[in-house]
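Next come the chains, spelled out residue by residue.
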Amino acid sequence: MYETLFFGKEKINLEKVDSTNTYLKQLLADSKDLIEGLVVITQQQELGRGQRGNYWQSEPNKNITFSLLIRPKISVSDQFMISKTISLGVVDFLIAEGIKNVTIKWPNDIYIENTKIAGILIENVLKGSSIDAVIVGVGLNVNQLWFANLPNATSLRLINGVEFDLEETLNKLLFFIEKRYLILKKLNFFSLDKDYIKHLFRINELHNYEISNGIVQGEIVGVSQSGKLQININGVVQEFDLKEVKMII
Ligand code: BTN
């Protein structure tokens, strides 16, 4: 039922690794002709990497941590479309699991209400001015019940109350991500843009943001084509990149 066309048809399953993203990046450097859709998955990630140089913590054998190789034929200036595509795939998967209030916290954290269930780390391998390959790292909290020092983390099991089969869950997740990826391949940016905005966390709501000159109140109004967050602060729309703004949850 959740059969993919090419995502995960080839898998490298590692019992333990520092980071699946780092592993796949190295593999790519060693052998250029890896097949699109290759998945590197592990049951225990010892140095999982997140955005802003953070670590991704995941209890061994409880969650899904994998990296997927894609080769989208888009220009570097459209690279944020990849973030939109992958986030929407994860959102579609969670909605199909019957989960409510799923949003994308810019740029690509997946939230259920005010708690984070999944993180995405996208790393591009460029060849000149074009994208040669993309390593898509996804961490989805599945059966973990306790997150030390992460008060706003959640998991599928914490929400649905049941234990999930990790292999089945991965295949279903890949199916939904691939479905969105096929839309990206057709260069149907409009539909991805529209759905990304529809699911954006705190869009058109007034909240506090930490920016260089302190904490300000503002309203997210959109995301630019290059992926900058657009916030209306006192009637003026300003654009921020990842290092320039922090949401206060
Ligand atoms: C974030 O929310 O900051 C992004 C987290 C991404 C975590 C995943 S787990 C699999 C892959 N390998 C890594 O080292 N990181 C990503």
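Basis of the calculations
- One numbering rule holds for all chains: residues counted from 1, following each sequence as written.
- Per-residue local features are limited, in this predicted model, to residues with pLDDT of at least 70; the limit for side-chain atom pairs, both in listing and counting, is 80 or more; totals at the level of whole chains, interfaces and linings are taken over all residues.
- Computation of side-chain values covers all heavy atoms of the structure but excludes hydrogens and water.
- Domain boundaries shown here were taken from an automatic or database domain assignment.
- Throughout, a residue-residue contact means that at least one pair of heavy atoms, one from each residue, lies within 4.5 Å.
- Accessible area that two parts lose when put together, evaluated with a 1.4 Å probe and summed over both, is termed the buried area.
- Each salt bridge in this description consists of a side-chain nitrogen of Lys or Arg and a carboxyl oxygen of Asp or Glu lying within 4 Å of one another.
- The definition of a polar contact used here is a pair of N or O atoms within 3.5 Å, where within protein one atom must be able to donate a hydrogen and the other to accept one, and adjacent residues in sequence count solely through side-chain atom pairs.
- Runs of E in the DSSP output that reach at least two residues are strands. Runs of H or I that reach at least four are helices, and both are numbered from the N terminus.
- Residues are labelled near a given molecule or strand when at least one of their non-hydrogen atoms is within 4 Å of it.
- Calculation of accessible area relied on Shrake-Rupley with a 1.4 Å probe; when residues are assessed, cover is drawn exclusively from the protein chains displayed.
- In this analysis, the protein atoms alone were mapped onto a 1 Å grid. Cavities are point sets where a 1.4 Å probe fits without being able to get out; pockets are open sets with protein on both sides within 12 Å along at least five of seven lines; lining residues have an atom within 4 Å of a point.
- Cavities and pockets are treated as containing a molecule whenever more than half of the molecule's atoms lie within 2 Å of their grid points.
- Gly is put with the polar residues, along with every residue not named as nonpolar or charged; the nonpolar set is Ala, Val, Leu, Ile, Met, Phe, Trp, Tyr, Cys and Pro, and the charged set is Asp, Glu, Lys and Arg.

We note that the domain assignment places domain 1 (11-198) and domain 2 (206-247) within the chain. Using only C-alpha atoms to locate each centre, domain 1 and domain 2 end up separated by 24 Å. Across the contact, 13 residues belong to domain 1 and twelve residues belong to domain 2. For the pair domain 1 and domain 2, the two sides together bury roughly 1,000 Å², of which 65% comes from carbon and sulfur. Broken down residue by residue, the surface that domain 1 buries against domain 2 is led by Arg52, Phe80 and Trp106, which jointly contribute 58%. On the surface where domain 1 and domain 2 come into contact, there are zero salt bridges. Scanning the region where domain 1 abuts domain 2 turns up two residue pairs in polar contact (both at pLDDT 80 or more). Of all the elements in the fold, those that place two or more residues in the side of domain 1 that touches domain 2 are helix H2 (80-96) and helix H5 (189-198). For the side of domain 1 that touches domain 2, the element with the most residues is H5, which contributes four residues.

With that settled, consider the site of the ligand. Contacts to the ligand come from 20 residues, most closely from Ser19, Gln45, Arg49, Gln51 and Lys116. At 2.9 Å from a nitrogen atom of the ligand is found a side-chain nitrogen or oxygen belonging to Gln45. Lys116 is positioned such that a nitrogen or oxygen atom in its side chain is 2.6 Å from an oxygen atom of the ligand. Protein coverage of the free-state accessible area of the ligand, which is 420 Å², stands at 98%. Judged by the fraction of its atoms near the pocket grid, the ligand is located in the largest pocket. Those elements giving two or more residues to the shell around the ligand turn out to be helix H1 (20-30), strand E3 (64-70), strand E6 (115-127) and strand E7 (130-140). Tallying contributions element by element places E6 first for the shell around the ligand, with four residues. Residues of the shell around the ligand, tallied by class, amount to five nonpolar, twelve polar and three charged.

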